[in-house]
Structure formats: C-alpha cells, structure tokens
Amino acid sequence: MEKHALLIDYKYCTGCHSCELACRQEKQIASQDEWGIKLAEFGPEKLAGEWYWNYVAVPSSLCDLCESRLEEGKKPACVHHCLAKCMEAVPLTEVPVRLAELGDGVAVFVP
Amino acid sequence: MTMDKEWRVEEGDLIRTRTCGWSPPGCHPVGCGMFIYTDKDGNFVKVEGDPDHPITQGRLCPRCLAMGEFLNHPDRIKYPMKRAKADRGKDKWERISWDEALDILETEVRKIWETYGPEAIYVSKGTGREATEYAPPMAQAVFKTPNNAFMMSGASCYGPRTVIGDFLLGAGYPELDYAAFFPDRYDDPRYEVPKYIILWGKSPLQSNPDGFFGHAIIDLMKRGSKLIVIDPRLTWLASRAEFHLQLRPGTDAAIGLAMLNVVIGEDLYDHAFCDEWVFGLDELAERVADKTPEWAEPITWVPADVIRGAARAFAMNAPSSIMWGLAIDTQQNGAQAGQALLALGAICGYMDVPGGITLALPSSFMGRWTYETLQFVGEEVEKKRIDGEEDHPAYAVGPYAHPDSVLTTLETEDPYAFHMFYFYASNPIAPTCYAEPERWYNAIVKMDFNAAQDCFMTPTIMGLCDLVLPVSFFPEHDGFVLPHFGRNTHFLGAMNAAVDPGEARSDLEIDMIVGKRLNPEAWPWDTVEEFFDAQIHTQYDWGFNDLREFGAFQQPFEYRKYEKGMLRPDGEPGFNTPTGLIEVSSSIYDDFGEDPLPYFMEPAMSPYSTPDLYEDYPLVMTTGGRSFVSFHSEHRQIPSLRAIHPDPLVTINPKTAAKYGINDGDYVLIENPLGKCVERARVTNEVPERVIHAEHGWWFPEDDPEAPNLNGVWKSNVNRLIPMYKVGVTGYGAPYKNVLCRISKADGYEAGAADPALYEPRASRGPESMTNGPSQPASYEVIHPE
Ligand code: SF4
Ligand code: SF4
Ligand code: SF4
C-alpha cells in the first residue's frame, strides 16, 4: 500500500484529546506511560499583539498510521474520531496538493 | 445522509450495535452516533463513531472513547447494597438482592408516607443526564412527593434560561442554527451560515451544552462564521474571535444593556421585525438610553470600543446568532442578562431565520409525560411543595422545589421537616450543585433514611445513604436521546443495549421497578419498549422499534414559525407570551415583583458591592469551566481520562501568580469568608490579572472513602466558597461564578481538609451582610425579619 502522511490542520485543533483516546483503544495501549499520539500545547501568548494558542497532536513511534484500517478502506482511528475534523491520512504523493488547499497552519507527520 | 435500517449486524466475529449516546456516565443529550462492538459472549470489544449520524458524522469525544474503561471498571456498583444507618460514612456496604432492596425502599417510603406525608421525601436530581427525564417521575409518580429539583442555589442551571425563554420569548430554547434539522445539514438550500456567532458565557467545545454538539462551531468557522466571545476567560475560541469581551464575572447584564444602547442608539435594528413582533421596544430604548459602552466600561472592565464594535458587527451582519451559556444562570442578575441577550437577538431580526437563532414550541411527549406525572402527587400535597412561593412567585410558577428554600426548610423545619433524601444521578456534596455543602451535609445526615441510584460509589452516597441501587451505563440499556430535553429538539436518537448490564438497570427501569411496588397505577408498562411506544405514539404514528431503524430521526422544521402559527398551542401566529410578541419589556414581571425591563445589579460579593471585603479578598473568582475529559464530578476514576487531567486546577494570570509567589503546579489555598479549598496552579494568560478560575466537581476516588474524608471531597471543594440564598427576585440565579477570594501557596491538598461535624454555620442564613447594592437580594432574613 502507498505510504501515507498524517496531516493536521492545527488551526482548527481544539485540544479535545479524542485522537489520543481513539489511538489508545485502537492500538490497545493500556499503560498511561505510553501513547500513540499526544497533544502539544503552545500558548496562549500574545505574539505581535495577537493571541497565539495552538494545539498540535504528534504521533509517536507506536503509530503505524493505522495501516490495517487503511487497508480496509477506513480512516485511521484518530482521524475518524477527531472532533474538529482537522486530521487526515493522505498518500505521500498527494501531500503538496492537499497542503496548498488547506492553507496556513498545517503540520505533516510521516510516522 | 441516511442511516442503515439494520441497527445490529454481524461483522466478522463481532456483533455491531448502533446506538446514540447519553448517560451514564454523565453527558448532555448530544446523542452522538456510535457502533458498539461485542464478541459472541456479549463482552465489550470497542466503540467506533457512526459516520452516517447526521450531526456527529463519526466523531466521538474522549469520554465515550474510554468506554471500555468505565464498562469494566472494578469500582462500579454492580448490585444493590445496604448499610446500617449507624454506619453512615463507613465503608460497610453489604450486597443484597434486588428483592431485599425493594423491600427496604418500600418499607421506608411507606413509613414516611404514613407518619409524615409524602412531601417529607426529597428527590435531589443531577444535571443534564437521562435522569433529567426520569428523576421527576420518580419523585412524583413513585414517591408521590412534590419536592424534587436540580439543586444548585437559584436552580442556576438551564432553569433560569428556560424560564426567561418561557416568560419573554414564548418559544422553547433559542439555539444557534447549525442546520441540525436538515439531513443534508449545511448544504441544505434553505440554510445560511451565520456571519457572527456570539458565544455568551459558554464554552461549547468542552460542554456540548444541553445537546448542542460543540464542535459544530468548528464546522461553522470553517464555513466562514466569525466569533464574538463574551467570557471572563480567554478560551481557545476566544483567542480566535473577532471580538473578545473579557468581562468581569457577573456583569453580563451591563454588557447586554450597553450593546442594546449601541444597536438602538445607532438605529441598527430590524424595524420591520420589531414593528410586527416585538413588545416594549420604546420602554427598552428609554431604559438603555444612558447605558453607553462608556457607562459599562468601568463596571465590566471591557473597553467601550470593544463593546461598541461587537454590537455593530452583530447587528450589521445578518444573519448572525447567539448562544447563551451557563454563565447567564449562575448570577443573581442572570434573568436580566438573559433578557438583554434575547432582546438583542430579537430586535436585530435573527429569531428563527436561516443562520440565526432557531425556536421551537416547547412541547414534547417526554416533557409532557414528565409533567403529567404530577397528577399522582395530588393537588393538596402539591401545594406543600417548598417552592419559595411567598418570596419568589416567579419561581413557584414552575414544577420544581426551590433549592435555597429547601435548605432553609431543612435547617428550620418550617413549615415541616424532611425525613428522606433520594439522590438521583447526583453527587451534590462534591462541588457540582450544593453551595455551602457542609450545611447540606449536616442537614441530610439527620434524615431517617437516605437512598441513591448510581453507577459508582460517591462521597454523597458513602456519607449519607443507607441503600444504593446500581444504574447501567448507556451501552447497556435501551432508551432514547432527546437533545434540549424536548425544548428545541432537532432529532430523536435510538439507544440500543449492546452489553449485558448484569444486575444494573437504567434510570427508567428503576423508576418502573420501584413504581410497580409503590404506585403501580402510574406504571402500566412492562418493558421500556412499551413505555417508549406509548410516549412516541402521542406525537408520531411509529414506535420505538421504528426509531431503532431510523437511528436518528430528524424532526420536521420550518423557519419563521411565528408567522405560521407554529409557536403557539392555539395555532395563532406570534409567540407564546401574554402579548403574543417577544417581550423585551415583560408584561407579567410586575406580578412577580420584578422590574419589567432589564437592569444591572452588582454581584453580592464584588469589588464594588463589598469594597471592605475586596481589600482582604482582592481577586474575583469564577468557577465551572469544563474539561474535555470529565462531566462535572464524573469520570475521575477512569484511568486514561484522569491521566490527562489528574488535578483540580486553578487558573491564575502569570502576573498575579508572580505577585503571590505561585508557580505553575503549586498547590494554592483559595479562601473567602465562607470557606476554603485547595487546587493546583495553572499559570496562564487564560484569565486576566484580577480574576481566577477555579475548577468544580472534584473529589478523589483513590482517597480514603470514609467520613469525614469521603474521598477528599472537602479539600478541593470550590462550592465551600459560594453562598446559598443569594438569588434574584425571580428566585433564579446565584453567584457560582462571581465571588471574591484570596490565594496563597499551600503545601498540599490537606490545607483544604475539613470535617463537617466541626463546621460552624454563619450567623445569617443569607449573606446579605456582604451586600450593599440595591435592594433586590432576597435572603431569608430580609424577607422574614424576626
Ligand atoms: S494513525 Fe492510528 S496509530 Fe497513528 S496515531 Fe492515529 S490512531 Fe494512533
Ligand atoms: S482529535 Fe483532532 S481536534 Fe482533538 S486534539 Fe486531536 S487533532 Fe486536535
Ligand atoms: S460523552 Fe462525548 S461522545 Fe459520548 S455522547 Fe457525550 S458528547 Fe457524545
């Protein structure tokens, strides 16, 4: 299967933690010391007079981009449940086009 | 978007059951669509969001994604348990059969009926959960008592907003139009995206309030909606808003009056709509003529130009919308804040138009049934409800007991003594509803008999109860979801049992089981399916099994219902108010001793109403902000959720924290003349320098469960700083989100510990000693001088 990237349109990421819990269930990660994806928080700080407050979910080395789900034609568990619908799994070759469509404030992970 | 007819299918080795979520564990009636996977033995395997659900479209919040952890939690209450009255507060529970539990409950209730009368039984109800539908019938159609309520002081949750809606708007619950009624949602040709959305005292992402799917706000932001956020906190949404009115907590009415001053003064309102559908605009215009943004600035701490800019943007960009939040309820002045807010939406012409504020005729079969169960109380006993009628006639119009008057009655035994409390989906001594919780605890511990139904052992049950019945989680029972509790309900969702509940039963099932013992004439149904069929058939020609096949049934909807006679039971055009119009000046408040027009009143404890106190307690404390991973006092024992949010947090501005030598993560003692508690510092710009936000709902399931510690329920109990009986003239609204406090660094949670046996009640039942504002406050002593 073609290699995918995880795109996070973090201008809309609300820090809801659904991706973390979805991954925990999907990958059956019971220990609270391990995680498949984890939120990072920046701010709120005033930068050049405007509030800057962003969350970005960062996949860990345990993330396989839900390969088995992708093979079944499903979205990865985190993407499927993301409350802000700000995550997507995109084939590597299509990443530049999708990035151009999404505009500013997007992170790309190739876990 | 349509949902499959098949709601239960085999998928490989697993069985997939579709359901819509509600509670327990705690949630509002959001009705998120999901599939529950079980194995051939009926064990839970996993949960997955249903992509075909019209509102949630596959998305789930972290609480439901932790479903396996609550279903299989070792601490859940799995069977009925009893404990000797002498052992209240001790962990000496004994497993019993349902039959024995019912025998005990029946015997105790009949004893109270015969000795004191049914009114001596009190049902203390929790918020938002399925219990909202089923607790009042437990009181009225099972125990035959007229006394039940959600127990925040001033009924400060939802009640005030719905009652203002009833009195002034006459049209159910006004809700942001997020195309929720349309199968094609935002793509429906009738729909328009709101240009501005005012989020007023509301943080919908975390709270999914009343059944509104919070992240619909994100859907709309992606489609171009801009935000005006009125909130003392810089929420994540506020950080993305065009206008953030970061007001001093409790001054919402002043903001509302100033926005009306701009909209009316600059002639930005919808004349055509007002001419036809608004009552009292001239009086309102006169009232707000001098309430300029410059008048509001020193009161609210919001710069005048921000208020003016927000008012103009809202009025000049049709359609726009408003969402009102809990903060409207949690202040004495809330009825007026809500009145100003409704007036703003109305005069701008945004009521029931595409992209505006949807309205509904507030009737539903479930609401009707809940209300009709009052017949089993009987008129004579109904008159004995402790509803504060003498002091708050506006409150007594409704069917609920008045929490502040109930506490007074508990302490004075006037006009009669209570003898039994029943806790229904509620852990009120944890800081969720009871203010001054030690007073409640000390009064209730004296009852002859207390019982509860719940799914986890709580400090309330451990401290006070003699019997507990086990409640099933929603994946374990059939039911249905009614967003907005029937007051503006975009869909009806089917809830299908997927997992074996063991001995646990749903709230409705417990009502039926206990009801068949105590008052069988009210409970003719043998199964919940029969019950639901009977209720649904009063409105639709299909039944519960059809609803299972629909999955989520989106109700028919039309805009501008007031033009079509769809908002009044008599079918006449207009609104269901005495004048048939939206009343921006009330035609009935006079009868309740209330000002017909909105006014501003200082909170009971504030920098300006109690300047002496302010010298010693120089910070304004707000409370109640929600987290994604809990529902009020619930979810504290769910490992993955607790790991995300392990401690009660008090949010402090970096400059304020530095002033008091407090670092992020430090324990902080928060005190005022009423009490104290300890939380841990979250030092951040989310609050301004003069305001702190302290979390509610905390207790520690991992701590010693026995009294007086009760899982540490007193240590981080922010409601110990909140007064009872500081309510508005209507009897509604209380200062949960606007009191004074001071902070200092502490060594640990122990600095907040307490033993209610050592509690010294304040000399006064109502803290009017802390008020030198206008004469509205209605405390017990003011009204009943000795
Ligand atoms: S893609 Fe799958 S494995 Fe990776 S973070 Fe998301 S849920 Fe976890
Ligand atoms: S689920 Fe989506 S919105 Fe929620 S934290 Fe993760 S990336 Fe952000
Ligand atoms: S807990 Fe979250 S996902 Fe579950 S029903 Fe409530 S809002 Fe929906």
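Residues numbered from 1 in each chain as written. Chains lettered and ligands numbered in written order. Predicted model: local features only at pLDDT ≥ 70, side-chain atom pairs only at ≥ 80, totals over all residues. Heavy atoms only, no water.

You'll find chain B entered in an unreviewed UniProt entry as Molybdopterin-dependent oxidoreductase, with Adlercreutzia faecimuris given as the organism. Under the UniProt heading Cofactor (unreviewed entry), the entry covering chain B gives this text: "Mo-bis(molybdopterin guanine dinucleotide)". Its UniProt record gives chain B a comment under Sequence similarities (unreviewed entry), which states: "Belongs to the prokaryotic molybdopterin-containing oxidoreductase family." (UniProt positions renumbered as here; feature names shortened; annotations may be inferred.)

Chain A is annotated in an unreviewed UniProt entry as Oxidoreductase from Adlercreutzia faecimuris.

1. Things to note about the overall build of chain B
Counting its secondary structure elements, chain B contains 28 helices and 28 strands. Structurally, chain B occupies a C-alpha span of about 70 × 60 × 55 Å along its principal axes. Per-residue burial for chain B yields a buried fraction of 69% across its 786 residues. Here the analysis covers contacts within chain B between residues at least 6 apart in sequence; of these, 75% occur between residues at least 24 apart. As displayed, chain B has an accessible area near 24,700 Å², and 48% of this comes from carbon and sulfur atoms. Counting 69 positive and 115 negative side-chain charges, chain B places the averaged centre of each group 4 Å from the other. (Helix = DSSP H or I, 4+ residues; strand = E, 2+ residues; numbered from the N terminus. Buried < 20%, exposed > 50% of the residue type's maximum accessible area, 1.4 Å probe, protein only. Contact = heavy atoms within 4.5 Å. Areas by Shrake-Rupley, 256 points an atom, 1.4 Å probe, with all protein chains shown as cover. Lys, Arg positive; Asp, Glu negative; His and termini not counted. Charge placed at Lys NZ, Arg CZ, Asp CG, Glu CD.)

2. What about the pattern of salt bridges?
Residue and element names in this part refer to chain B. By the definition in use, this model includes 52 salt bridges over all chains. Note that E671 is salt-bridged to R742, the shortest N-O span being 3.4 Å. Placement of E671 in strand 25 (residues 667–672) and of R742 in strand 28 (residues 739–746) is noted, with a sequence separation of 71 residues between them. R742 gets classed as partly exposed once you look at its relative accessible area, which sits at 31%. Taking the shortest distance from any N to any O, the salt bridge between K715 and E750 comes out at 2.9 Å. One end of the pair, K715, is in the loop between strand 27 (691–694) and strand 28; the other, E750, is in the loop between strand 28 and helix 28 (780–783), and 35 residues separate them in sequence. Taken together, the shared-partner salt bridges connect D103, E106, R110 and R517 into one network. (Salt bridge = Lys/Arg side-chain N within 4 Å of Asp/Glu carboxyl O.)

3. A closer look at the site of ligand 2
Taken together, A:C13, A:T14, A:G15, A:C16, A:H17, A:S18, A:C19, A:L39, A:C82, A:A84, A:C86 and A:M87 make up the full set of residues adjacent to ligand 2. Considered class by class, the residues forming the shell around ligand 2 number eight nonpolar, four polar and no charged. (Near = heavy atom within 4 Å. Nonpolar A, V, L, I, M, F, W, Y, C, P; charged D, E, K, R; others polar.)

4. Here we look at the interface of chain B and chain A
Each partner contributes residues to the interface: chain B has 35 residues there, and chain A has 31 residues. In total, chain B and chain A occlude about 2,900 Å² of area from one another, counting both sides; carbon and sulfur atoms represent 57% of this. A per-residue breakdown of the area chain B buries against chain A is headed by B:L65, B:K222 and B:W236, which together make up 21% of the total. There are two salt bridges connecting chain B and chain A. Linking A:E41 and B:R682 is a salt bridge whose minimum nitrogen-to-oxygen distance equals 3.2 Å. Across the contact surface, chain B and chain A share 19 residue pairs in polar contact (both at pLDDT 80 or more). Of the residues belonging to the side of chain B that touches chain A, the class tally is 19 nonpolar, nine polar and seven charged. (Buried area = accessible area lost by both parts, 1.4 Å probe. Polar contact = N/O pair within 3.5 Å; in protein donor to acceptor, adjacent residues only side chain to side chain.)

5. A word on the packing of aromatic side chains
All names here are of chain B. Tallied over the full model, the rule gives 48 aromatic pairs over all chains. Members of the aromatic cluster, each reached through a chain of ring pairs, are Y134, W369, F480, W523, W525, F531, F532 and F544. In this arrangement the basic side chain of R16 is found over the ring face of F35, its NZ or CZ atom lying 3.8 Å from the centre. The ring of W113 has K144 sitting right over it, with the charged end atom 5.0 Å from the ring centre. (Phe/Tyr/Trp six-rings, centres within 6.5 Å; stacked < 30°, edge-to-face > 60°. Lys NZ or Arg CZ within 6 Å of the ring centre and 35° of its normal.)

6. Notes on the site of ligand 3
In the vicinity of ligand 3, the contacting residues are B:G21, B:C27, B:V30, B:C32, B:L60, B:C61, B:R63, B:C64 and B:N208. Classifying every residue of the shell around ligand 3 by side-chain character gives six nonpolar, two polar and one charged.

7. A word on the packing of helix 22 (residues 507–518) of chain B against helix 23 (residues 528–536) of chain B
Residue and element names in this part refer to chain B. Between helix 22 and helix 23, the shortest axis-to-axis distance is 10 Å and the interhelical angle comes to 100°. Taken together, the axis directions place helix 22 and helix 23 in an arrangement best described as roughly perpendicular. Between helix 22 and helix 23, the residues in contact are L508, E509 and M512 and V528, F531 and F532, respectively. Residue composition of the contact of helix 22 with helix 23, grouped by class: five nonpolar, no polar and one charged. (Axes fitted to C-alpha atoms, helices over the stretch in contact; angles between N-to-C directions. Parallel < 35°, antiparallel > 145°, perpendicular 65-115°, else oblique.)

8. What about the sheet that holds strand 1 (residues 4–8) of chain A?
Backbone hydrogen bonds are what pair the strands of a sheet, in a parallel or an antiparallel way. Residues and elements named next belong to chain A. A sheet is described by the order of its strands in space; here three strands give the open sequence 4-1-5, paired in antiparallel fashion. Of all strands in the sheet, those with a lone pairing partner are strand 4 (87–91) and strand 5 (107–109), marking the two edges. Mean inter-strand twist for the sheet, computed between neighbouring axes without regard to direction, equals 30°. Pairing geometry for strand 1 and strand 5, over three bridges, is antiparallel. Bridged to I8 within strand 5 is A107. (Pairing = 2+ DSSP bridges.)

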